[in-house]
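So you can see what is in the structure, the chains are spelled out below.
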Amino acid sequence: MVNKDLIPKYWYNIIPDLPKPLPPPRDPPDAEFSRIELLKKILPREVLRQQFTIERFIKIPEEVRDRYAIIGRPTPLMRAKRLEEYLDTPAKIYFKFEGATPTGSHKINTAIPQAYFAAEEGISHVVTETGAGQWGTAVALAASMYDLSSTIFMVRVSYEQKPMRKTIMELYGGKVYASPTDLTEFGRKILKENPNHPGSLGIAMSEAIEFALNHNFRYLVGSVLDVVLLHQSVIGMEAIAQLDELGEEPDILIGCVGGGSNFGGFTYPFIGAKKGKKYIAVGAAEIPKFSTGKYEYDYPDTAGLLPLVKMITLGKDYVPPPIYAGGLRYHGVAPTLSLLIKEKIVEWREYKEEEIYEAAKIFMKTQGIVPAPESAHAIKAVIDEALKAKTEKERRVIVFNLSGHGLLDLGNYESIRRRVEK
Ligand SMILES: Cc1ncc(COP(=O)(O)O)c(C=O)c1O
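Per an unreviewed UniProt entry, the protein carries the name Tryptophan synthase beta chain and comes from Sulfurisphaera ohwakuensis. For the record of the protein, the UniProt heading Pathway (unreviewed entry) holds the text "Amino-acid biosynthesis; L-tryptophan biosynthesis; L-tryptophan from chorismate: step 5/5."

Engineer: Any chance you could explain the layout of surface pockets here in plain terms?
Structural biologist: Over the atoms rolls a probe the size of a water molecule, and in doing so it shows where empty space is left. In this model, the largest pocket occupies a volume close to 220 Å³. Lining the largest pocket are Leu38, Glu185, Phe186, Lys189, Glu210, Leu213, Asn214, Ala303 and Leu305. Going through the elements one at a time, helix H9 (185-193) and helix H10 (201-215) are the ones with two or more residues in the lining of the largest pocket. Each residue belonging to the lining of the largest pocket can be placed in one class, and the counts come to 5 nonpolar, 1 polar and 3 charged.

Engineer: What is the right way to look at the environment of Lys294 in this model?
Structural biologist: Assignment of secondary structure puts Lys294 in strand S11 (residues 294-298). For Lys294 and Tyr12, which are 282 residues apart along the polypeptide, the C-alpha to C-alpha distance reads 28 Å. Lys294 has contacts with Met311, Ile312 and Thr313, leaving out every residue within four places of it along the chain.

Engineer: How should the sheet that holds strand S14 (residues 397-402) be read in this particular structure?
Structural biologist: Two modes of strand pairing occur in sheets, parallel and antiparallel, and in both the strands are linked by backbone hydrogen bonds. The mixed open sheet is built from 6 strands, whose spatial order is S3-S4-S14-S9-S10-S13. Looking at strand neighbours, the two that pair on one side only are strand S3 (77-79) and strand S13 (347-351), the edges of this open sheet. On average, each strand axis in the sheet is tilted by 25° relative to the strand beside it, whichever way the strands run. Note: strand S9 (residues 252-256) against S14, 3 bridges, orientation parallel. Bridge assignment links Ile254 to a residue of S14, and that residue is Phe400. The strands that helix H12 (residues 261-272) touches are strand S4 (92-97), S9, strand S10 (278-284) and S14; relative to S9, the one it contacts most, it runs at about 160°.

Engineer: Is there a simple way to explain the side chain of Ser403 in this structure?
Structural biologist: Positionally, Ser403 belongs in the loop between S14 and helix H17 (410-420). Exposure remark for Ser403: the relative accessible area of 4% places this residue in the buried category. What Ser403 contacts, discounting residues up to four positions off in sequence, is Glu98, Gly99, Gly104, Ser105, His106, Cys256, Asn262 and Ser375.

Engineer: Teacher, can you tell me more about the site of the ligand here?
Structural biologist: Lining the immediate environment of the ligand, one finds 16 residues, of which Ser223, Gly258, Gly260, Ser261 and Ser403 sit closest. Within the side chain of Lys107, a nitrogen or oxygen atom sits 3.2 Å from an oxygen atom of the ligand. The separation between an oxygen atom of the ligand and a polar main-chain atom of Gly260 is 2.7 Å. Protein chains shield 93% of the accessible area of the ligand, which is 400 Å² for the free molecule. Of all the cavities here, the one that holds the ligand is the largest cavity. Grouping the amino acids of the shell around the ligand by side-chain chemistry returns 4 nonpolar, 10 polar and 2 charged.

Engineer: Can you help me understand the nonpolar core in this one?
Structural biologist: Across soluble globular proteins, nonpolar side chains have a tendency to be buried as a group. Judged by nonpolar contacts, the single largest core of 88 residues is most densely connected at Trp11, Tyr68, Ile112, Tyr219, Leu337 and Val346. Per-element tally for this core: the top contributor is helix H11 (residues 226-246), with 9 residues. Looking at which domains feed residues into this core, each of domain 1 (8-62 + 107-219) and domain 2 (73-104 + 226-421) gives three or more. Ala91, Val282, Ala360 and Tyr413 belong to the second-largest nonpolar core, a separate cluster that totals 36 residues.

Engineer: What should I look at first to understand the domain arrangement of the protein in this one?
Structural biologist: Interface size is often expressed as the accessible area that is lost when the parts come together. On domain assignment, one finds that the protein holds domain 1 (8-62 + 107-219) and domain 2 (73-104 + 226-421). On a C-alpha basis, the centroid separation for the pair domain 1 and domain 2 is 22 Å. Across the contact, 61 residues belong to domain 1 and 54 residues belong to domain 2. Summing both partners gives a buried area of about 4,700 Å² for domain 1 against domain 2, and 67% of it is carried by carbon and sulfur. Inspection of the domain 1/domain 2 interface yields 2 salt bridges. Element by element, the count of residues in the side of domain 1 that touches domain 2 is highest for H10, at 7 residues.

Engineer: Please clarify how helix H3 (residues 62-70) should be interpreted in this entry.
Structural biologist: Given 3.6 residues per turn, any residue in an α-helix points the same way as the ones three and four places further on. Within H3, burial applies to Val64, Arg65 and Tyr68. The buried residues of H3 occupy an angular sector of 100° when the element is viewed end-on, so they sit on one face. Where H3 is buried, its residues meet strand S1 (10-12), helix H5 (108-120) and H11. Of the residues trailing H3, Gly72 is marked for its positive phi of about 95°.

Conventions used here
Residues numbered from 1 in each chain as written. Predicted model: local features only at pLDDT ≥ 70, side-chain atom pairs only at ≥ 80, totals over all residues. Heavy atoms only, no water. UniProt positions renumbered as here; feature names shortened; annotations may be inferred. 1 Å grid on protein atoms, 1.4 Å probe; cavity = no way out; pocket = protein on both sides within 12 Å on 5 of 7 lines; lining within 4 Å. Points joined across faces, edges and corners; volume = space filled by probe spheres on them. Helix = DSSP H or I, 4+ residues; strand = E, 2+ residues; numbered from the N terminus. Nonpolar A, V, L, I, M, F, W, Y, C, P; charged D, E, K, R; others polar. Contact = heavy atoms within 4.5 Å. Pairing = 2+ DSSP bridges. Axes fitted to C-alpha atoms, helices over the stretch in contact; angles between N-to-C directions. Buried < 20%, exposed > 50% of the residue type's maximum accessible area, 1.4 Å probe, protein only. Near = heavy atom within 4 Å. Polar contact = N/O pair within 3.5 Å; in protein donor to acceptor, adjacent residues only side chain to side chain. Areas by Shrake-Rupley, 256 points an atom, 1.4 Å probe, with all protein chains shown as cover. Sits in = over half its atoms within 2 Å of the grid points. Core = buried A, V, L, I, M, F, W, Y, C linked by side-chain atoms within 4.5 Å. Domains from an automatic or database assignment. Buried area = accessible area lost by both parts, 1.4 Å probe. Salt bridge = Lys/Arg side-chain N within 4 Å of Asp/Glu carboxyl O. Arc of directions from axis to C-beta.

Printed below as a string of structure tokens:
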């Protein structure tokens, strides 16, 4: 039985503790409509309120803590002893296993409160986009928990590569479409230009928002925005308590970055509590936002229905390479994380598909868990840091977030294997 007392009572918001004020979301100059005003029709009211709060701690509703218990929170903090031995490192390696939730990733941590707030407001139907399908699955489950209908716009390449994800979303009661669709004006425009468009997260996001607006449904947001990183802080809050119980002081904290939600959720409570010496955000070399992205105001979605936010970005129209299978395909980085990277509080790394594939295999050999390809990016950085600790003969404590399992991503591994092992 899960002990509910071990589930955090508060979410942590890093905004008041940032080294510099966070540039606020804003409307484009001379815009024909205000995106900030439009947010009131897009997001559930309480989600919008939390997006703009500057309070450091926000109470988690008891009803949400009950649901967190049902999905198995707190998630385990595990020691990767066999991996340490395999690498012959003096470092100690721990991981927070977010793959232990029923949907297989951390995404459910924000889907639950968002669905709860929507239901409380009398909303009957929620809409979202999904890339790999982890977020869509989380929304379909959270919606079904609160008897809401759900519609999910899934990036077309993933829809075709990942039929099993679609099946789960449908089993939870979601309705799934391959985006670009002809259900929205924006989708029709994209299809007119290119009927074989593979889709992107930015496009699917715009379609979901437009669809929600057209039907007076509400849109649930899966990453990037501050409110999502706030909800994800349960990961880091639990990890701090779990490490305290073991009497461990972390030196290095590592997580992978798509939009930045699992990374922020995991590391921000540590950063806020001044625990840890180094924080490493890991992205994909194939979607090189850290190395080549610009830090500027850009739209989170391709149609530009959401307000401009200041972030590291490859541009809202960015389309990832279609053969790449490692995840982390979103074009931008959450504004708080972008700021922390610019201020050099958080370091970044980028790894190639073949590197994360080898890291995933080492993790499977030693720890037995199939990691999500996204999480394998973090594992690669963990291995590098553990080997560095060996060269430098330092007994460092490395903690990483294993954001998801990869049992529904075997097609991705198959595709990488075919290319890497030729
Ligand atoms: C398992 C897993 N990890 C990480 C990510 C990246 O997203 P974020 O950076 O918001 O955590 C995703 C996105 O779909 C994911 O499914």
